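Summary of the model geometry
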Amino acid sequence: MNKLKREGKAKKLRFPVIASGLLITILTTTLYISDIEFLRLIDNRLYDLCIKIAFTSNSNREHLIDNDKQNSKNSYTSAIVDIDEYSLRTFGQWPWSRYNIAKLLHKIDDAGAASVGIDILFSEPDRTSLIQIQKALKDEFNIDVTFSNLSAPASNTNIDPLKLMDNDILLAQAINQTSSTLGYYFNFNNNALESSKQNFGYNSRPYLSPLSTNIVSKSGSTPSDIFGYLFKAVDAISPISVLSNKDTNTGFMNTLADSDGLLRRTPLFISWNETIYPQLALSTLLNSNDERHQINFSNPTIKISSNGVEAIQFNNASVHLDRNGSMLLNYRGPAYTFPYISAGKILQNDFRKEDLEGKIIFLGSSAAGLKDIRMSPLDHNFPGVEVHATIVDNIIKGDFILKPDWTSALEVLLTILCGTITTLLIGWAGAWLTLILTISLSTIIFITTVWGVITNHIWVSPLFPLLALMLNFSILNLVKYGLSEKDKKFYRSAFSHYVSKSVVNQIIESPETFNLEGEEKEITIFFSDIRNFSSISETLSPSQVSRLLHNYFTPVTRMIIDHKGTLDKFIGDAIMCFWNAPINVENHKELALNAAIKILKTLEELSISFEKEYGVKIKTGVGLHSGVCRVGNMGSADLFDYTAIGDHVNIASRLEGLTKFYGIDIIFSEIMIPNEVEYILIQYVDRVRVKGKTEPLNIYTAHSVKTSDDYSNSTIQIELETIKMELGRYHHAIEQYQNRDFRGAFEIFSELDETQNGRKKLYSIYKQRAWEFMNAPPDKRWDGVFNHSSK
């Protein structure tokens, strides 16, 4: 039965929980589609955490394989030529003469570098050039200076002596002779600088080399759609025109960080004036002349679809990109993970050729005040030049962090699946089991995400599946708690006035232990009624009657509730209550009998105060019976009450009515006799057939002392022994009466009738019956049953 009740209770909660869970899951999926900035920030933080864990795992594994740090650095395909503090101390402060930069490029090229990317912006002419000195003297002091007998250095006799007048020309020549790529910046601000439109003393506009590529579009898109996907620049801060011409390979140096300042991805190409331009790292790689690369980085093709950019394809390699043409960076470690070679030492020929040979070189600076700092997931003080090295190393090794198009569908599916699983768990399982399973599922999702990054370099965001788990778990438990509290409030409101607080708490904590809808169970029924209350009411005013009943009902109901009884109703001056419903009460018969006896003893004292205040004495009769009844909400669809109905309820009511007939305060049926009678003296009353019933039943009354401590009182002890002797004589007379020894019974009943106590009327009844049967004995069918024809 309790199992069925629990299932019914669970079903009642499941519908709102499941409905709420499905709604939350739909809302979570909508949040995914909405791409809210705050959630994107959290997603980025999760990405950073996974990248850090993956890096730590890979680093530990590589450390076990190779403890040689130098060999590990030589495994990279890129290296940094660093204009460091040593270089500045040795060759002077920045900016250096472009002649030194040109000489540096030649030395790097002579060492066998595959190509060089220059992460330095030369947006103004070199002021140390002889031609610039000559021009400055003329402009500022009107001094004409000429230089003669210029000759090429012994180390490079191919230099035209006339070009020695202009260091920028020397650098331009070195760039074109050494597979070098020049850097520039795009500006995305509408108030862009006009630097790209200035000539800086030269007669031609700077030339930026576009990306030579084919665009392959899938169905639903056209090649021209790419300009709607790519980041759009509004201006460019370019190198001076003498350096950047049609013979010069160039690439933009921009790296676009996320809104929190961390650089997780960077675009490989940007559009400007309906033309596509490559990133410095990509342009440097395409300009590589090293034949030892197994991948031929030529003839790039950009693949697009209606969803945006998908990838850039080389002859036999492909780089997955997001819809804007950006790639996720698979950082090799924190700052200075790639090998750094001092530019000053290269100019002094103090370096190892193998550090540069076959590598893609990026020229930059780590010197204070010159270095370009970025924030990466692994290091918040990451040199910008090392980002370019990371891009090249990722592409050459095909070692990317991938986020294919299908991951979005998988993330949505996991979000819906996690929301559904959590909803079903909360709807069918308990809170602790749900908590354990939710934490376990969250852990599995996160570990699987990290595992995907470590083993397959695929990023599937766990944010929205975890968000679905968290929101469903927290909100649905609140919904469940709210519904439970609503029920508790109902139970507390419904029962607090007619059951004890402990019973109310038990109902609230274990609602499955009772049933409001109605059930058949064994209960003990209690009826009480004030004797001759109509006559008492005639002598009092209505307000006095009301106060009297209030003062009478208050202690009586409290004692009923204190003994775990359930108050059913007040019927005028009568009280109906029962035990063992709505929740099970152990020893409910004994509790009911003890409550009745305590009520009667309390009313003896209360009657004295009533006589003083109202001038009346009250006597109360109590009837008790136990049996299987129907208990639950009874009434109409609109008005109902929690009560008990059944044949045994009627019997209890009849027994209460018999108390007046027998002149005793309490009558109960034989089923109510307690097992332990240490403080209760049971007295047989009669074998009767109550009005409306055919089956006879034995009825009893009880006498009690309050507590075991009363036995120490000699007066009470004497009184108790007196009652025991009296009851012994009485039960002997009853035995004679039932055995048809009416004369012997008459003698004892006559003797007992002389006593002056509350049992006198009972003895008089039996004395009269015995006298009548002495004179007119009953026939053989007599069974000792007395038929009561009135209530």
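One can find the structure itself at the top, above this paragraph.
Summarised in this report is the structure supplied together with it.

Focus: the overall build of the protein
Broken down by element type, the protein carries 22 helices and 26 strands. Counting all 791 residues of the protein, 50% fall into the buried class. Residue pairs at least 24 apart in sequence account for 76% of intrachain contacts in the protein once pairs closer than 6 positions are excluded. Here the protein has roughly 38300 Å² of accessible surface; of this, 54% comes from carbon and sulfur atoms.

Looking at the sheet that holds strand β11 (residues 308–313)
Spatially, β4-β10-β11-β12 is the arrangement adopted by the four strands of the open sheet, whose pairing is mixed. Two strands close off the open sheet at either side, each with one partner strand: β4 (214–217) and β12 (318–320). Neighbour to neighbour, the strand axes of the sheet diverge by 25° on average, direction disregarded. When β11 meets β12, the two strands line up antiparallel, connected through three bridges. Note on β12: the bridge partner recorded for glutamine 313 is serine 318.

Some points on the packing of helix α12 (residues 406–428) against helix α13 (residues 431–456)
Running from N to C, α12 and α13 point in directions that differ by 165°, and their axes come no closer than 10 Å. Taken together, the axes of α12 and α13 lie roughly antiparallel to each other. At the point where α12 passes α13, the crossing takes the right-handed sense. Along its contact with α12, which presents Cys418, Ile421, Thr422, Leu425 and Ile426, the element α13 presents Thr434, Leu437, Thr438, Leu441 and Ile445. Among the residues forming the contact of α12 with α13, the class breakdown is seven nonpolar, three polar and no charged.

Considerations on the packing of aromatic side chains
Enumeration according to the criterion identifies 33 aromatic pairs in this entry. With a centroid separation of 5.4 Å and an interplanar angle of 50°, the aromatic rings of tyrosine 552 and phenylalanine 553 are classed as tilted. Residues tyrosine 552 and phenylalanine 553 agree in their burial class; the two are buried. Centre to centre, the rings of phenylalanine 773 and tryptophan 782 are 5.3 Å apart; their planes meet at 65°, and the pair counts as edge-to-face. Neither phenylalanine 773 nor tryptophan 782 differs from the other in exposure class; each is buried. Ring pairing ties together the aromatic residues Tyr730, Tyr737, Phe742, Phe749, Tyr763, Tyr766, Phe773 and Trp782, which thus form one cluster. We note lysine 345 situated over the ring of tyrosine 86; from NZ or CZ to the ring centre the distance is 4.4 Å.

Quick word on the nonpolar core
Counting 72 residues, the largest nonpolar core has Leu624, Tyr662 and Phe749 as the members making the most contacts within it. Here the element with the most residues in this core is helix α18 (residues 588–614); it accounts for 11 residues. Not counting residues up to four positions away in its chain, the partners in contact with leucine 624 are Ile525, Phe526, Ala592, Leu593, Ala596, Leu655, Ile666, Ile667, Phe668, Ser669 and Met672. Ranked by size, the runner-up nonpolar core spans 60 residues in total, among them Ile226, Phe338, Trp459 and Leu463.

Thresholds, definitions, all that
- Residues numbered from 1 in each chain as written.
- Predicted model: local features only at pLDDT ≥ 70, side-chain atom pairs only at ≥ 80, totals over all residues.
- Heavy atoms only, no water.
- Helix = DSSP H or I, 4+ residues; strand = E, 2+ residues; numbered from the N terminus.
- Buried < 20%, exposed > 50% of the residue type's maximum accessible area, 1.4 Å probe, protein only.
- Contact = heavy atoms within 4.5 Å.
- Areas by Shrake-Rupley, 256 points an atom, 1.4 Å probe, with all protein chains shown as cover.
- Pairing = 2+ DSSP bridges.
- Axes fitted to C-alpha atoms, helices over the stretch in contact; angles between N-to-C directions.
- Parallel < 35°, antiparallel > 145°, perpendicular 65-115°, else oblique.
- Left-handed = near helix turned anticlockwise from the far one by under 90°.
- Nonpolar A, V, L, I, M, F, W, Y, C, P; charged D, E, K, R; others polar.
- Phe/Tyr/Trp six-rings, centres within 6.5 Å; stacked < 30°, edge-to-face > 60°.
- Lys NZ or Arg CZ within 6 Å of the ring centre and 35° of its normal.
- Core = buried A, V, L, I, M, F, W, Y, C linked by side-chain atoms within 4.5 Å.

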